[in-house]
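Reading the structure
What follows is each chain in one-letter form.
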Amino acid sequence: MRKSGTVVAVAGTLALSALAVAPAAQAASTGITVTNVVVNGGKPIVVGTSDTKEPAVSFRVTVPAGYSVDDFQYTAEPILYHGSTPAKAVAAGDVLIMGAYQCNKVSPRIADCKGNFWIKPKQLNSSADAGTWKIGTFAQLFRTNGSLLAEEYKTGTGTAAVRRWANLTANAGPEPVVKGKTLTVTGTLTRADWATHKYVGYGSQTASLQFRKATSSTYSTVKTVKASSTGALKTTVTASVDGYWRWTFGGTPTTGTATATGDYVDVR
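Report follows, based on the coordinates. Owing to the predicted nature of the structure, the values given are computational and were not obtained by experimental measurement.

Conventions we followed
Every chain is numbered independently, its residues counted from 1 as its sequence is written. Under the rules for a predicted model, residues below a pLDDT of 70 receive no local features and side-chain atom pairs below 80 are neither given nor counted, while totals for whole chains, interfaces and linings still include all residues. As a rule here, side-chain values come from all non-hydrogen atoms in the structure, and water together with hydrogens is ignored. Numbering goes from the N terminus for both helices and strands, where a helix is a DSSP run of H or I of at least four residues and a strand is a run of E of at least two. Whether a residue is buried, partly exposed or exposed follows from its accessible area with a 1.4 Å probe, protein chains only, as a fraction of its type maximum: under 20%, in between, or over 50%, in that order. Any two residues having at least one pair of non-hydrogen atoms within 4.5 Å are treated as being in contact. Pairing between two strands is assigned when DSSP locates at least 2 bridges connecting them. The definition of a nonpolar core used throughout is a set of buried Ala, Val, Leu, Ile, Met, Phe, Trp, Tyr and Cys residues joined through side-chain atoms within 4.5 Å. Helix axes are fitted only over the stretch in contact, all axes being lines through C-alpha atoms; the angle between N-to-C directions runs from 0 to 180 degrees.

**Focus on the side chain of Thr49**
Within the element layout of this structure, Thr49 appears in the loop between strand 4 (45–47) and strand 5 (56–62). Classification of Thr49 by relative accessible area gives buried; the value is 16%. Ignoring any residue separated from it by four or fewer positions in sequence, one finds Thr49 in contact with Pro121, Ala192, Asp193, His197, Lys198 and Tyr199.

Structure representation (structure tokens):
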């Protein structure tokens, strides 16, 4: 699986993730429902080349009649997957599962849970993994002796966006520059490549050139420029006052937003 063994805290008790240690699936209804799933506050999950991301997830678990959220005879958690069904995605290893989570009792059969997904860049082994992931759920129900009674995967609980991290640089020159003379602003737009785990040029994308006067705290867009095939950005402007120049990129369905650090230019 894309996720290695993880730990979940269910109603205060620590246990191995069922997805990491599950026995052969018993395709039967558990009667457990997982609802109100919210991943990363509804915002895209943006992953780079090295740092593990831990987007927050919240959800509600309801166990069937005859069971209680206090008896620990169940497992229930959201998963992110690609493909037609969660079960097929798990079999193919095309799934992201949760790290630790904690559930708090709302009523005898209902618990509200909060935790995190753990997403390591090296577990996203293809840049084709960027884009929309489906949110499914995994549930297990156990007998009082601890043996598995039923296990199921469910679909239809929404989607989550997983995007490649983008970086931008900015350089304006000459520095200093004479007022009224031409100032050249360059930069490079790159994004994470999950196949090589390096940053590569993101070509043919549109970025905005922004300027902030030295006496101001607000940037304003001056013009938009399309990057070269290698992600290079270049344009010219007329120098007028001291200030900071930067590029900003609004992102795409597969790539996150990026803003360069402003480059100060002294106009004389």
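Following the structure, the description resumes.
**Overview of the pairing of strand 9 (residues 110–117)**
The pairing of strand 5 with strand 9 spans seven bridges and is antiparallel. Across the sheet, Phe59 pairs through a bridge with Cys113, a residue of strand 9. Direction of pairing for strand 8 (residues 98–107) relative to strand 9: antiparallel, over a ladder of seven bridges. Note that in strand 9 the partner of Asn104 across the bridge is Asp112. In this structure, the hairpin formed by strand 8 and strand 9 is closed by a connection of two residues.

**Thoughts on the nonpolar core**
Among the nonpolar cores identified, the biggest contains 33 residues, and Val39, Phe59, Val61, Tyr74, Leu80 and Leu124 are the most heavily contacted of them. Going through the elements one at a time, strand 3 (33–39), strand 4, strand 5, strand 6 (74–81), strand 8, strand 9, strand 10 (131–142) and strand 12 (159–164) are the ones with two or more residues in this core. With four residues, the single largest contributor to this core is strand 10.

**Quick word on the sheet that holds strand 5**
Sheet architecture is open: four strands sit in the order 3-5-9-8, paired in antiparallel fashion. In the strand order of this sheet, the two ends are held by strand 3 and strand 8, each with one partner. When strand polarity is set aside, the average angle formed by the axes of neighbouring strands in this sheet is 20 degrees. Here strand 3 pairs with strand 5 via five bridges, running antiparallel. The residue bridging Thr33 from the neighbouring strand is Thr62, located in strand 5.

**Some remarks on the environment of Lys120**
Mapped onto the elements, Lys120 comes out in the loop between strand 9 and strand 10. Given a relative accessible area of 38%, Lys120 falls into the partly exposed group. Separated by 72 residues in the primary sequence, Lys120 and Gly48 place their C-alpha atoms 8.8 Å from one another.

These figures capture arrangement, not role.
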